[in-house]
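# Report on the structure
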Amino acid sequence: MEIVFDNVTKNYGPINVFRDLDLKIKAGDFIFVTGPSGSGKSTLIKMILNQVKPSSGHVIIDGQKLSEIKDKREIDRIRKKIGVIFQDFQLINDLTIEENIALALDIVGYPEDKISSRINEVVKLVKLQHRYFLFPSQLSGGELQRASLARALSVEPEVILADEPTGNLDPTNAWNLIKILQEINEKFKTTIVMTTHNMDFIESLDKKVIKLDK
């Protein structure tokens, strides 16, 4: 799944976030997006998800300009190929981790008879196989972020968007998450687009970097 920003400008009233932004994210890339607060990192993520629309220019996914797609079902089809993890996890507190993942699978129409085995696969992948029957309030921050990643992975996405996913984690858990993301990228060729302020990641890992400034 290729993602292209073609001459994208985005304004919030008098505030200019992007001006004539050209960007190509190729299938299988692992990309860090960095920049100061307010530089547009989260806006970039939201534009890929079609939650925020350009003031001008186009966001193109799989060769389709999002602004020109009129059929909501086609937008939904594209969206189902994208997994998302957030800094604040966004898990449903009164559901177990297993139930959170099952809900995500149900929403995308995953075959009901394969849901249980898929949950087992992804919790093992993120090393949470002994904790997924617990509720979010019973997990540590690192476990919560791995649970959020398991939910994103469960739908077999082509792209994972990670918006400051290590922001609430200590250094050990932050690096553990990065290692899992690297494994997913290398093993499944899943595209990873991760916003971060953490320069240690950027300087220590040989990944592509998009720096947003001014």
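Before reading further, recall that the structure is shown in the block above.
First, a word on what this report is: a plain description of the structure on this page. (Residues numbered from 1 in each chain as written. Predicted model: local features only at pLDDT ≥ 70, side-chain atom pairs only at ≥ 80, totals over all residues. Heavy atoms only, no water.)

### Here we look at the pattern of salt bridges
With the rule as written, the count across this model stands at 9 salt bridges. The shortest N-O distance in the salt bridge between Lys-208 and Asp-29 comes to 3.1 Å. Highlighted residues: Lys-208 in strand β9 (residues 208-211) and Asp-29 in the loop between β2 (15-25) and β3 (30-34), separated in sequence by 179 residues. Classification of Lys-208 as partly exposed rests on a relative accessible area of 44%. On the basis of relative accessible area, Asp-29 is assigned to the buried category, the value being 9%. Two residues, Glu-158 and Lys-81, come together in a salt bridge whose shortest N-O distance is 3.9 Å. (Salt bridge = Lys/Arg side-chain N within 4 Å of Asp/Glu carboxyl O. Helix = DSSP H or I, 4+ residues; strand = E, 2+ residues; numbered from the N terminus. Buried < 20%, exposed > 50% of the residue type's maximum accessible area, 1.4 Å probe, protein only.)

### Side note on a nonpolar patch on the surface
A contiguous nonpolar patch, built from Ile-92, Leu-103 and Ile-107 and spanning about 260 Å² of accessible area, is present on the exposed surface. Take Leu-103: it is sitting in helix α3 (residues 97-107). (Patch = residues over 30% accessible without salt bridge, like charges linked within 9 Å, V, L, I, M, F, W, Y side chains within 5 Å. Areas by Shrake-Rupley, 256 points an atom, 1.4 Å probe, with all protein chains shown as cover.)

### Some words on the packing of α3 against helix α4 (residues 115-125)
Following both chains from N to C, one finds α3 and α4 inclined at 120°, their axes separated by 10 Å at the closest point. Taken together, the axes of α3 and α4 lie oblique to each other. Our pair here, α3 against α4, has a crossing hand that is right-handed. Of the residues in α4, those touching α3 at Glu-98, Ile-101, Ala-102 and Leu-105 are Ile-115, Arg-118, Ile-119, Val-122 and Val-123. When grouped by side-chain class, the residues that make up the contact of α3 with α4 number 7 nonpolar, no polar and 2 charged. (Axes fitted to C-alpha atoms, helices over the stretch in contact; angles between N-to-C directions. Parallel < 35°, antiparallel > 145°, perpendicular 65-115°, else oblique. Left-handed = near helix turned anticlockwise from the far one by under 90°. Contact = heavy atoms within 4.5 Å. Nonpolar A, V, L, I, M, F, W, Y, C, P; charged D, E, K, R; others polar.)

### Brief notes about the nonpolar core
Residues Phe-32, Ile-97, Ile-101, Leu-149, Leu-181 and Met-194 are the most contacted members of the largest nonpolar core, which totals 39 residues. Going through the elements one at a time, β3, α3, α4, α5 (141-154), β7 (159-163), α6 (171-188), β8 (191-195) and α7 (199-204) are the ones with two or more residues in this core. What Leu-149 contacts, discounting residues up to four positions off in sequence, is Ile-85, Val-126, Ile-160, Leu-177, Ile-180, Leu-181 and Ile-184. Grouped together as the second largest cluster of nonpolar side chains are 30 residues, Ile-3, Phe-5, Ile-45 and Leu-49 included. (Core = buried A, V, L, I, M, F, W, Y, C linked by side-chain atoms within 4.5 Å.)

### Let's talk about the packing of aromatic side chains
One pass over the structure, following the stated rule, counts 3 aromatic pairs. For the pair Phe-30 and Phe-32, a centre-to-centre distance of 5.3 Å together with 65° between the ring planes defines the contact as edge-to-face. Residue Phe-30 shares its accessibility class with Phe-32, and that shared class is buried. Ring plane angle 85° and centroid distance 4.9 Å describe the contact between Trp-175 and Phe-201, whose orientation is recorded as edge-to-face. Of the two residues, Trp-175 is situated in helix α6 and Phe-201 in helix α7; the sequence distance between them amounts to 26 residues. By relative accessible area, Trp-175 is classed as partly exposed at 27%. Given a relative accessible area of 0%, Phe-201 falls into the buried group. Sitting over the face of the ring of Phe-30, Lys-207 holds its NZ or CZ atom 4.9 Å from the ring centroid. (Phe/Tyr/Trp six-rings, centres within 6.5 Å; stacked < 30°, edge-to-face > 60°. Lys NZ or Arg CZ within 6 Å of the ring centre and 35° of its normal.)

### Structural notes on the sheet that holds β7
Judged by pairing direction, the sheet is parallel, and its 5 strands sit side by side in the order β6-β7-β8-β3-β9 without closing on themselves. The open sheet terminates on both sides in strands that have one partner only, identified here as β6 (82-86) and β9. Averaged over all neighbouring strand pairs, the angle between strand axes comes to 15°, with direction disregarded. Relative to β9, β3 runs parallel, the two being bridged by 4 bridges. What sits directly across from Thr-34, in β9, is Lys-211. (Pairing = 2+ DSSP bridges.)

### Topic: the layout of surface pockets
Empty space among the atoms can be located by rolling a probe the size of a water molecule over them. Of the volumes computed, that of the largest pocket is approximately 520 Å³. In terms of lining residues, the largest pocket is bounded by 20 residues, among which Arg-79, Ile-82, Ala-104, Ile-107 and Val-108 are the most central. Mapped onto the lining of the largest pocket, the elements with two or more residues apiece are α2 (72-79), β6, α3 and α5. Residue composition of the lining of the largest pocket, grouped by class: 11 nonpolar, 5 polar and 4 charged. (1 Å grid on protein atoms, 1.4 Å probe; cavity = no way out; pocket = protein on both sides within 12 Å on 5 of 7 lines; lining within 4 Å. Points joined across faces, edges and corners; volume = space filled by probe spheres on them.)

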